[in-house]
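Listed here are the chains, written in short residue letters.
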Amino acid sequence: MEALQVAWFLILGILVVGYSILDGFDLGVGFWHLFAKKKNERSAFIHSIEPFWDGNEVWLLTAGGALFAAFPPVYATVFSGLYLAMMLVLLGLIFRAVAIEYRNKVDSPAWIRAWDFAFSLGSILPSILYGVAIGNLLRGLELNAIGDYTGGFFALLNPFALLCGLVGLAMFALHGALYLSMRLDGDIAADARRWAAKTWWILLVLLVAAVGWGGAAYLREMKAVPLGLAGLAVAELFVTRLFFAKGKKTKAFLSSSFGIALVMLAVAAALFPNMVPASNDPNLSLTVFNSSSSQLTLTAMLVIALIGMPLVLGYTWFIHHIFKDKVAVPEK
Amino acid sequence: MDVVLLARIQFGLTIGFHYVFPPLTIGLAWMIFLYNTRYQENDNPVFLQLARFWTRIFAISFVVGVATGITMEFQFGTNWAGYSRFVGDIFGAPLAAEGVFAFFLESSFLGILLYGRKKVSPRMYWFSSLMVALGATMSAFWIVVANSWQQTPAGYKVATEMVNGVPVAKAVLTNFWEAVFNPSTLPRYFHVITAALCVGVFFILGTSAWQILKGRHKDFAMRSMRSVIVPTFGVVLLTMFVGHHHGFQVSQTQPAKLAAFEGLWETQTHAPMMLFGLPDQKNEKNDFAITIPGMVSLFIGGKFDTEVQGLKAFAPEDRPPVAASFWSFHLMFYIGMWMALVSFVGVVLWLMKKLGEHKAYLWAAALTVPLPFLANEFGWIAAEVGRQPWVVYGELRTADAISASVPGGQVLASIIMFSLIYSLLFGLWIYLLKRQFHKGPEPLEGEVA
């Protein structure tokens, strides 16, 4: 049973990593969207993610479903506790989805302008809030005996969580800039490279600060493993820089993906075996072992995951293979 | 304000709005697949034109379904934490399976369907349109599994655990397949899918009739109408057939719900069917009732002396809201009858080769467009209101299912937020649809636009 519970913690980790890497690049593209000065360049941004964004978001839906199925009390606590934050994430995701599809449907400057803002803000909001949520999980939430959050909305906006929010934004911004420089050509690709170069420094500072703060204040069970993984994530950032400086765009993007995976794994290791640490009383924490579904459910779900995940990886590879050509910037 | 009521309003609002779109896109996806198949078979550019135009309509609608669907996946946790803790062992698995088996398939091949026609072979393009339709249909399966388990739970036992000294009851899975194929899963699934197909085909039929009335892109609209008239008649008949079977299953598994659908108070043989009436829950009677004797008994048991349980067989606190159940069920039923009539007349006109000629028929078809949407909504309301006061039938009351940690003010704020967003999205959707219908299809090869 314990092996099964840990396996499900890892599968959830894989889903969150997959989501962060894949939706990370299209959220990052959204961040840079308003930095592109020309309308046609912004069209190219949308075209570069058009076939992928929906599939990328499915990773989030599946992670949500898997969390519900494997660790129902955690699902209940996290989403009811972070209610307003979750509503704002949904607001962002709804508008960016519709913006991607609707922006190019009407050729009017005001229409396009409005959707450009919706797409960009709808991307920035979730990028920050995911980080804020992770920061709060690392700190721990104030819980009562049945696991309901009792801390109130403004307690979630603490300095450490906000720092994590900025890390999330910077991480996706770098990831998105690297993606754009890989998928586009010409002036706008040069712009994207400049953005990536600047963002790299910002991310480095923010990530080191967050690792230092979190490592000093919020490690509970394991210490060496999360710190080691976080150290690797910082080192990976330098590898990304190296590929980037040599003009190896695809490798820089893959390296950034790997870096995101390391950051998420560090977070998972810092939490384990907790999933929601209780800041008021460690005995109230929701853990991998006290909050899972039954053995039968976890086993049935494991079968579903083992059949489904290879298919999912297959589709993901296939769709990226079909749309691998560079995206042309439209004439107007 | 009452937090339970607020949470229910929010849930109804978000699902009710979401549920406009999946039935339409499921129906359109299969028609688009049909067009692509015909084009594969005989290279007739007319079918390519049909496929491409209706794919554009599909894309505009699909995205709203996706955007509003994200809310669904998290809403159980945000607003129904008590429910999530009670049913998580069973209810989460179908949601996860929907993601793994259906959403990934659908979203990946949708990318090809919308943006990849020139990047893949015609064969691959055809296959993608099949996968999109299949993905949409499979996703409906898993969500119906989850919903059906709330209606007719099976394959579980209720266990009470001590959590930090507090007793917490929850449903624990005992048999995966019994839970998945619980007594209402298949009847509900076939009814939901056939009803979704109705929305799609009546949408094509009615909007094309409207185009002809307005004199826009008449040849194309005529081709659209002809292409869809036989499927329309077929799916309406199927919907009624499986709907009847679903109704029979409800009478066996949720008798209080069936009694509320029919406004039946007394347990009796020769149970009458009430066509019109105003159920009065307090005084346990119906006002202004118009009934056909014996029909409910006949429908359920095949003979008049079948005994049907009435509402008085259940304690007042276990009865669903009767007027809401009765009217949502009957409005669905009447719309279904009307749809059958419209499709039947359409087939007759088509056989006489006069489908596009009668203005009265074109008007009727055009005005029918919103009705299948409404019938789907009413059917869903009937199913869910009829389940009350239970959130899991017989096991968990709705009032015990909400998120205790979320203040009413936050729920109210999110209701206002969603109402504004959804009104805006609905307006934009209609606006873009209108533009597409004005613009019409791409010209056929050799044809001047």
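Note that this is a predicted model, so its numbers are computed, not measured.

What follows is about the overall build of chain B. Each helix and strand counted, chain B has 14 helices and six strands in total. Scaling as 2.2 N^0.38, a compact globule of 449 residues should have a C-alpha radius of gyration of about 22 Å, and chain B matches this with 23 Å. Seen along its three principal axes, the alpha-carbon backbone of chain B occupies a region of about 75 × 55 × 40 Å. The 449 residues of chain B split such that 61% are buried. Side chains of chain B give 31 positive and 27 negative charges; the mean places of these two sets differ by 12 Å.

This part is about the interface of chain A and chain B. Facing the 67 residues of chain A at the interface are 76 residues of chain B. With both sides pooled, the region where chain A packs onto chain B buries about 6100 Å², and carbon together with sulfur makes up 75% of that total. Linking chain A with chain B are two salt bridges, by the criterion used here. As a salt-bridge pair, Arg85 of chain B and Asp148 of chain A come within 3.0 Å of each other at their nearest N and O atoms. Run the count over chain A and chain B and you get 15 residue pairs in polar contact (both at pLDDT 80 or more). If you list the elements that add at least two residues to the side of chain A that touches chain B, you get helix H3 (53-70), helix H4 (72-81), helix H5 (83-102), helix H6 (109-139) and helix H11 (295-322) of chain A. Classifying every residue of the side of chain A that touches chain B gives 46 nonpolar, 14 polar and seven charged.

A few words on the nonpolar core. Ranked by size, the top nonpolar core spans 265 residues in total, and within it Tyr102 of chain A together with Trp54, Tyr83 and Trp429 of chain B carry the most contacts. Shared between two domains, this core takes at least three residues from each, and those domains are domain 1 (1-149 + 404-434) and domain 2 (184-403) of chain B. Formed by 12 residues, the second largest nonpolar core is a distinct cluster that contains Val250, Ala271, Met273 and Ile300 of chain B.

Residues and elements named next belong to chain B. Splitting chain B by domain gives domain 1 (1-149 + 404-434) and domain 2 (184-403). On a C-alpha basis, the centres of domain 1 and domain 2 stand 22 Å from each other. Taken together, the contacts link 46 residues of domain 1 with 38 residues of domain 2. The tally of links from domain 1 across to domain 2 stands at zero salt bridges. When contributions to the side of domain 1 that touches domain 2 are tallied by element, the ones reaching two or more residues are helix H1 (3-18), helix H2 (21-42), helix H3 (45-79), helix H4 (81-115), helix H5 (122-151) and helix H14 (408-439).

As a further point, take the confidence of the model for chain B. Put simply, chain B has an average pLDDT of 92, and 99% of its residues get 70 or more. Per-element averaging of pLDDT across chain B places strand E1 (residues 156-163) of chain B at the bottom with 87 and helix H7 (residues 185-213) of chain B at the top with 97.

This part covers the pattern of salt bridges. Residue and element names in this part refer to chain A. Inspection of every chain in the model, using the stated rule, returns 20 salt bridges over all chains. Note that Arg42 is salt-bridged to Asp116, the shortest N-O span being 2.8 Å. Remark: Asp116 occurs in helix H6 and Arg42 occurs in helix H2 (residues 39-49); sequence separation between them is 74 residues. Residue classification places Asp116 among the buried residues on the basis of a relative accessible area of 0%. One network of salt bridges, with partners in common, ties together Asp26, Glu57 and Arg96.

Glancing now at the side chain of Thr368 of chain B. Residues and elements named next belong to chain B. In this structure, Thr368 sits in helix H12 (residues 359-368). Thr368 sits in the buried class, given a relative accessible area of 1%. Within polar-contact distance, the side chain of Thr368 engages the side chain of Trp338 at 3.0 Å. Excluding residues within four positions of it along the chain, Thr368 makes contact with Phe202, Trp338, Met339 and Val342.

Reading the values: rules and limits
Residues numbered from 1 in each chain as written. Chains lettered and ligands numbered in written order. Predicted model: local features only at pLDDT ≥ 70, side-chain atom pairs only at ≥ 80, totals over all residues. Heavy atoms only, no water. Helix = DSSP H or I, 4+ residues; strand = E, 2+ residues; numbered from the N terminus. Rg over C-alpha atoms; globule rule 2.2 N^0.38 Å. Buried < 20%, exposed > 50% of the residue type's maximum accessible area, 1.4 Å probe, protein only. Lys, Arg positive; Asp, Glu negative; His and termini not counted. Charge placed at Lys NZ, Arg CZ, Asp CG, Glu CD. Contact = heavy atoms within 4.5 Å. Buried area = accessible area lost by both parts, 1.4 Å probe. Salt bridge = Lys/Arg side-chain N within 4 Å of Asp/Glu carboxyl O. Polar contact = N/O pair within 3.5 Å; in protein donor to acceptor, adjacent residues only side chain to side chain. Nonpolar A, V, L, I, M, F, W, Y, C, P; charged D, E, K, R; others polar. Core = buried A, V, L, I, M, F, W, Y, C linked by side-chain atoms within 4.5 Å. Domains from an automatic or database assignment. pLDDT = per-residue confidence, 0-100.

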